[in-house]
Amino acid sequence: MAELVEEPFDLVLILSVIKTPKLPLSYTWKRSSFTHDGRWKQTLNTFRTVKHYLPNAKVMMVECSDLDEDKMKVVNENVDFFINKFDDEDHKAIIYDKWKAHGEATQTLTAFEYIKEHNIHFKNLFKISGRYYMTHDFKYDLYDNDMQIFKALPDHEPCPEINKLGSISTRLYKIPYKSMEILEKFLRNYRDAMQRRGMMSTYEKVFAQYLLETNYENTVVVKHPDKVGVEGKVSVRNNNLVND
(Lines give C-alpha, C1' and ligand atoms only; values in the text may rest on other atoms or scores of the structure.)
Protein backbone atom coordinates (compact mmCIF):
# COMPACT_ATOMS: atom_id res chain seq x y z
CA MET A 1 0.00 0.00 0.00
CA ALA A 2 1.03 3.59 -0.59
CA GLU A 3 2.36 5.49 2.39
CA LEU A 4 3.44 8.83 0.96
CA VAL A 5 2.14 10.73 -2.05
CA GLU A 6 3.92 13.90 -3.10
CA GLU A 7 1.34 15.68 -5.28
CA PRO A 8 -2.04 16.89 -3.94
CA PHE A 9 -4.83 14.52 -4.89
CA ASP A 10 -8.41 13.75 -4.00
CA LEU A 11 -8.67 11.40 -1.04
CA VAL A 12 -11.73 9.25 -0.39
CA LEU A 13 -12.20 8.30 3.26
CA ILE A 14 -14.35 5.21 3.86
CA LEU A 15 -15.43 4.72 7.48
CA SER A 16 -16.55 1.15 7.98
CA VAL A 17 -17.48 -1.55 10.46
CA ILE A 18 -18.20 -4.56 8.28
CA LYS A 19 -18.64 -6.98 11.18
CA THR A 20 -20.92 -5.09 13.53
CA PRO A 21 -21.36 -6.48 17.06
CA LYS A 22 -24.72 -7.64 18.35
CA LEU A 23 -24.94 -4.70 20.70
CA PRO A 24 -27.59 -1.94 20.82
CA LEU A 25 -27.17 1.69 19.90
CA SER A 26 -28.51 4.50 22.04
CA TYR A 27 -31.59 4.85 19.83
CA THR A 28 -32.28 1.25 18.76
CA TRP A 29 -31.68 -2.28 19.99
CA LYS A 30 -30.87 -3.48 16.45
CA ARG A 31 -27.49 -2.18 15.35
CA SER A 32 -27.65 -3.59 11.83
CA SER A 33 -30.33 -5.31 9.81
CA PHE A 34 -27.68 -6.80 7.54
CA THR A 35 -25.51 -9.87 8.00
CA HIS A 36 -21.73 -9.51 7.95
CA ASP A 37 -21.75 -11.04 4.45
CA GLY A 38 -24.39 -8.58 3.34
CA ARG A 39 -22.39 -5.64 4.68
CA TRP A 40 -19.28 -6.94 2.91
CA LYS A 41 -21.12 -7.15 -0.43
CA GLN A 42 -22.38 -3.60 0.03
CA THR A 43 -18.82 -2.46 0.77
CA LEU A 44 -17.69 -3.98 -2.53
CA ASN A 45 -20.19 -1.67 -4.20
CA THR A 46 -18.65 1.24 -2.32
CA PHE A 47 -15.23 0.31 -3.74
CA ARG A 48 -16.62 -0.11 -7.26
CA THR A 49 -18.44 3.20 -7.44
CA VAL A 50 -15.62 5.19 -5.85
CA LYS A 51 -13.26 3.91 -8.53
CA HIS A 52 -15.84 4.74 -11.21
CA TYR A 53 -16.68 8.28 -10.14
CA LEU A 54 -13.30 9.28 -8.69
CA PRO A 55 -10.86 7.19 -10.74
CA ASN A 56 -7.82 9.33 -9.93
CA ALA A 57 -8.43 9.54 -6.19
CA LYS A 58 -6.54 7.71 -3.46
CA VAL A 59 -8.66 5.71 -1.03
CA MET A 60 -8.27 5.47 2.73
CA MET A 61 -10.34 3.06 4.81
CA VAL A 62 -10.74 3.00 8.58
CA GLU A 63 -12.15 -0.34 9.73
CA CYS A 64 -12.80 -2.12 13.00
CA SER A 65 -13.38 -5.75 12.03
CA ASP A 66 -11.48 -9.02 12.00
CA LEU A 67 -11.16 -9.61 8.24
CA ASP A 68 -9.97 -12.89 6.79
CA GLU A 69 -7.20 -13.25 4.23
CA ASP A 70 -9.51 -13.28 1.19
CA LYS A 71 -11.26 -10.08 2.25
CA MET A 72 -7.94 -8.41 3.02
CA LYS A 73 -6.77 -9.25 -0.51
CA VAL A 74 -9.79 -7.41 -1.91
CA VAL A 75 -9.26 -4.47 0.44
CA ASN A 76 -5.62 -4.16 -0.62
CA GLU A 77 -6.69 -4.14 -4.27
CA ASN A 78 -9.08 -1.24 -3.68
CA VAL A 79 -7.54 0.81 -0.88
CA ASP A 80 -4.30 2.80 -0.76
CA PHE A 81 -4.24 3.46 3.00
CA PHE A 82 -5.83 0.92 5.34
CA ILE A 83 -6.22 1.35 9.10
CA ASN A 84 -7.81 -1.51 11.03
CA LYS A 85 -8.30 -0.79 14.73
CA PHE A 86 -9.85 -4.16 15.59
CA ASP A 87 -6.93 -5.14 17.83
CA ASP A 88 -6.95 -1.79 19.62
CA GLU A 89 -9.20 -2.57 22.58
CA ASP A 90 -9.73 1.06 23.57
CA HIS A 91 -10.70 2.03 20.05
CA LYS A 92 -12.93 -1.02 19.63
CA ALA A 93 -14.74 -0.25 22.89
CA ILE A 94 -15.69 3.16 21.49
CA ILE A 95 -16.83 1.74 18.14
CA TYR A 96 -18.88 -1.00 19.85
CA ASP A 97 -20.41 1.42 22.35
CA LYS A 98 -23.99 2.69 22.02
CA TRP A 99 -22.98 6.23 21.04
CA LYS A 100 -22.73 5.99 17.26
CA ALA A 101 -21.75 9.63 16.70
CA HIS A 102 -18.77 9.24 19.02
CA GLY A 103 -17.73 6.09 17.18
CA GLU A 104 -17.75 7.79 13.80
CA ALA A 105 -15.96 10.84 15.19
CA THR A 106 -13.29 8.52 16.60
CA GLN A 107 -12.77 6.87 13.22
CA THR A 108 -12.56 10.28 11.56
CA LEU A 109 -9.97 11.47 14.07
CA THR A 110 -8.01 8.25 13.54
CA ALA A 111 -7.86 9.05 9.83
CA PHE A 112 -6.76 12.63 10.48
CA GLU A 113 -3.99 11.43 12.81
CA TYR A 114 -2.76 9.00 10.15
CA ILE A 115 -2.84 11.71 7.49
CA LYS A 116 -0.70 14.03 9.59
CA GLU A 117 1.68 11.30 10.74
CA HIS A 118 2.33 10.18 7.15
CA ASN A 119 2.42 13.70 5.70
CA ILE A 120 -0.40 13.00 3.26
CA HIS A 121 -1.30 16.26 1.54
CA PHE A 122 -4.62 15.80 -0.23
CA LYS A 123 -6.47 18.39 -2.28
CA ASN A 124 -9.98 17.42 -1.20
CA LEU A 125 -11.20 14.74 1.19
CA PHE A 126 -14.42 12.95 0.30
CA LYS A 127 -15.86 11.08 3.25
CA ILE A 128 -18.29 8.28 2.39
CA SER A 129 -19.92 5.92 4.86
CA GLY A 130 -19.10 2.27 4.32
CA ARG A 131 -21.81 0.28 2.47
CA TYR A 132 -23.09 3.42 0.73
CA TYR A 133 -22.27 3.94 -2.93
CA MET A 134 -21.94 6.81 -5.35
CA THR A 135 -24.55 7.37 -8.07
CA HIS A 136 -24.96 9.14 -11.39
CA ASP A 137 -26.04 12.21 -9.41
CA PHE A 138 -22.42 12.66 -8.33
CA LYS A 139 -21.09 15.58 -10.38
CA TYR A 140 -17.41 16.32 -9.88
CA ASP A 141 -17.91 19.94 -10.91
CA LEU A 142 -19.79 20.51 -7.63
CA TYR A 143 -16.69 19.46 -5.69
CA ASP A 144 -13.83 20.78 -7.82
CA ASN A 145 -13.12 23.79 -5.60
CA ASP A 146 -11.75 24.69 -2.17
CA MET A 147 -15.17 24.79 -0.51
CA GLN A 148 -16.70 22.46 2.05
CA ILE A 149 -19.65 20.61 0.51
CA PHE A 150 -22.40 19.19 2.73
CA LYS A 151 -25.94 17.98 2.16
CA ALA A 152 -28.77 19.06 4.45
CA LEU A 153 -31.32 16.42 5.36
CA PRO A 154 -34.69 17.03 3.66
CA ASP A 155 -36.96 19.29 5.75
CA HIS A 156 -34.05 19.89 8.14
CA GLU A 157 -32.15 22.60 6.29
CA PRO A 158 -30.19 24.87 8.64
CA CYS A 159 -31.24 28.51 8.79
CA PRO A 160 -28.94 30.58 11.03
CA GLU A 161 -31.06 33.70 10.51
CA ILE A 162 -33.79 32.17 12.67
CA ASN A 163 -31.46 30.07 14.85
CA LYS A 164 -32.55 26.84 13.16
CA LEU A 165 -29.68 24.37 13.54
CA GLY A 166 -30.96 21.80 11.07
CA SER A 167 -29.32 18.44 10.34
CA ILE A 168 -26.47 17.60 7.98
CA SER A 169 -26.09 14.26 6.23
CA THR A 170 -22.73 12.61 6.86
CA ARG A 171 -23.11 9.84 4.28
CA LEU A 172 -21.05 11.86 1.81
CA TYR A 173 -19.34 15.19 2.30
CA LYS A 174 -16.21 16.94 1.09
CA ILE A 175 -13.70 19.16 2.83
CA PRO A 176 -10.54 20.79 1.44
CA TYR A 177 -7.20 20.18 3.13
CA LYS A 178 -7.30 23.53 4.92
CA SER A 179 -10.48 22.52 6.77
CA MET A 180 -9.09 19.31 8.27
CA GLU A 181 -7.52 20.84 11.38
CA ILE A 182 -10.60 23.00 12.03
CA LEU A 183 -12.89 19.96 11.88
CA GLU A 184 -10.45 17.90 13.92
CA LYS A 185 -10.38 20.47 16.72
CA PHE A 186 -14.17 20.72 16.70
CA LEU A 187 -14.67 16.94 16.93
CA ARG A 188 -12.22 16.66 19.81
CA ASN A 189 -14.00 19.44 21.69
CA TYR A 190 -17.36 17.69 21.37
CA ARG A 191 -16.33 14.11 22.19
CA ASP A 192 -17.82 14.28 25.68
CA ALA A 193 -21.11 15.71 24.39
CA MET A 194 -21.39 12.83 21.92
CA GLN A 195 -21.36 10.33 24.80
CA ARG A 196 -24.56 11.39 26.52
CA ARG A 197 -28.17 11.83 25.55
CA GLY A 198 -28.90 15.11 23.88
CA MET A 199 -28.55 16.93 20.61
CA MET A 200 -24.88 16.09 20.07
CA SER A 201 -25.50 12.33 20.32
CA THR A 202 -26.57 12.36 16.65
CA TYR A 203 -23.85 12.96 14.08
CA GLU A 204 -26.21 14.94 11.85
CA LYS A 205 -26.57 17.52 14.63
CA VAL A 206 -22.85 17.43 15.38
CA PHE A 207 -22.06 18.57 11.85
CA ALA A 208 -24.82 21.14 11.86
CA GLN A 209 -23.20 22.57 15.01
CA TYR A 210 -19.80 22.50 13.30
CA LEU A 211 -21.12 24.61 10.43
CA LEU A 212 -22.81 26.99 12.85
CA GLU A 213 -19.67 27.48 14.95
CA THR A 214 -17.57 28.11 11.85
CA ASN A 215 -20.20 30.56 10.53
CA TYR A 216 -20.73 28.47 7.38
CA GLU A 217 -17.43 29.89 6.18
CA ASN A 218 -16.18 28.48 2.90
CA THR A 219 -19.19 26.15 2.82
CA VAL A 220 -21.89 25.10 0.37
CA VAL A 221 -24.93 23.36 1.87
CA VAL A 222 -26.79 21.42 -0.80
CA LYS A 223 -30.52 21.38 -0.13
CA HIS A 224 -33.34 19.09 -1.20
CA PRO A 225 -34.20 18.23 -3.97
CA ASP A 226 -30.62 18.73 -5.20
CA LYS A 227 -28.34 15.76 -4.67
CA VAL A 228 -24.69 15.08 -3.90
CA GLY A 229 -24.64 11.59 -5.43
CA VAL A 230 -24.76 8.91 -2.74
CA GLU A 231 -27.23 6.13 -2.04
CA GLY A 232 -27.70 3.14 0.25
CA LYS A 233 -29.91 1.42 2.79
CA VAL A 234 -29.97 2.61 6.39
CA SER A 235 -28.38 -0.07 8.56
CA VAL A 236 -31.09 -0.15 11.23
CA ARG A 237 -33.90 -0.14 8.63
CA ASN A 238 -32.92 -2.32 5.67
CA ASN A 239 -35.99 -1.39 3.64
CA ASN A 240 -35.22 2.34 3.84
CA LEU A 241 -33.27 3.33 0.73
CA VAL A 242 -31.88 6.85 0.99
CA ASN A 243 -30.68 8.79 -2.01
CA ASP A 244 -28.79 11.98 -1.27
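So, here's what we can say about the structure. (Residues numbered from 1 in each chain as written. Predicted model: local features only at pLDDT ≥ 70, side-chain atom pairs only at ≥ 80, totals over all residues. Heavy atoms only, no water.)

1. Focus: the packing of helix 4 (residues 100-117) against helix 6 (residues 180-189)
When two helices pack together, their arrangement is given by the angle between the helix axes and by the axis-to-axis distance. One can describe the packing of helix 4 onto helix 6 by two numbers: an axis separation of 10 Å at closest approach and a directional angle of 140 degrees. When the interaxial angle is binned, helix 4 and helix 6 end up oblique. Taken as a pair, helix 4 and helix 6 cross one another with a handedness that is left-handed. Seen from helix 4, the contacting residues are Ala105, Thr108, Leu109, Phe112, Glu113, Ile115 and Lys116; seen from helix 6, they are Met180, Leu183, Glu184, Leu187 and Arg188. For the contact of helix 4 with helix 6, the residue count by class is seven nonpolar, one polar and four charged. (Axes fitted to C-alpha atoms, helices over the stretch in contact; angles between N-to-C directions. Helix = DSSP H or I, 4+ residues; strand = E, 2+ residues; numbered from the N terminus. Parallel < 35°, antiparallel > 145°, perpendicular 65-115°, else oblique. Left-handed = near helix turned anticlockwise from the far one by under 90°. Contact = heavy atoms within 4.5 Å. Nonpolar A, V, L, I, M, F, W, Y, C, P; charged D, E, K, R; others polar.)

2. Brief notes about unusual backbone geometry
A cis amide bond, omega 10 degrees, links His224 with the succeeding residue Pro225. Positive phi, close to 85 degrees, is recorded for Arg131, a residue that is not glycine. Mapping Arg131 onto the fold places it in the loop between strand 4 (124-129) and strand 5 (133-134). A residue is classified by how much of its surface remains accessible, and Arg131, at 7% relative accessible area, is buried. In this structure, Tyr216 is a non-glycine residue whose phi angle is positive, near 55 degrees. With respect to the secondary-structure elements, Tyr216 resides in the loop between helix 7 (203-213) and strand 8 (219-222). Taking relative accessible area as the criterion, Tyr216 reaches 19% and is therefore assigned buried. (Buried < 20%, exposed > 50% of the residue type's maximum accessible area, 1.4 Å probe, protein only.)

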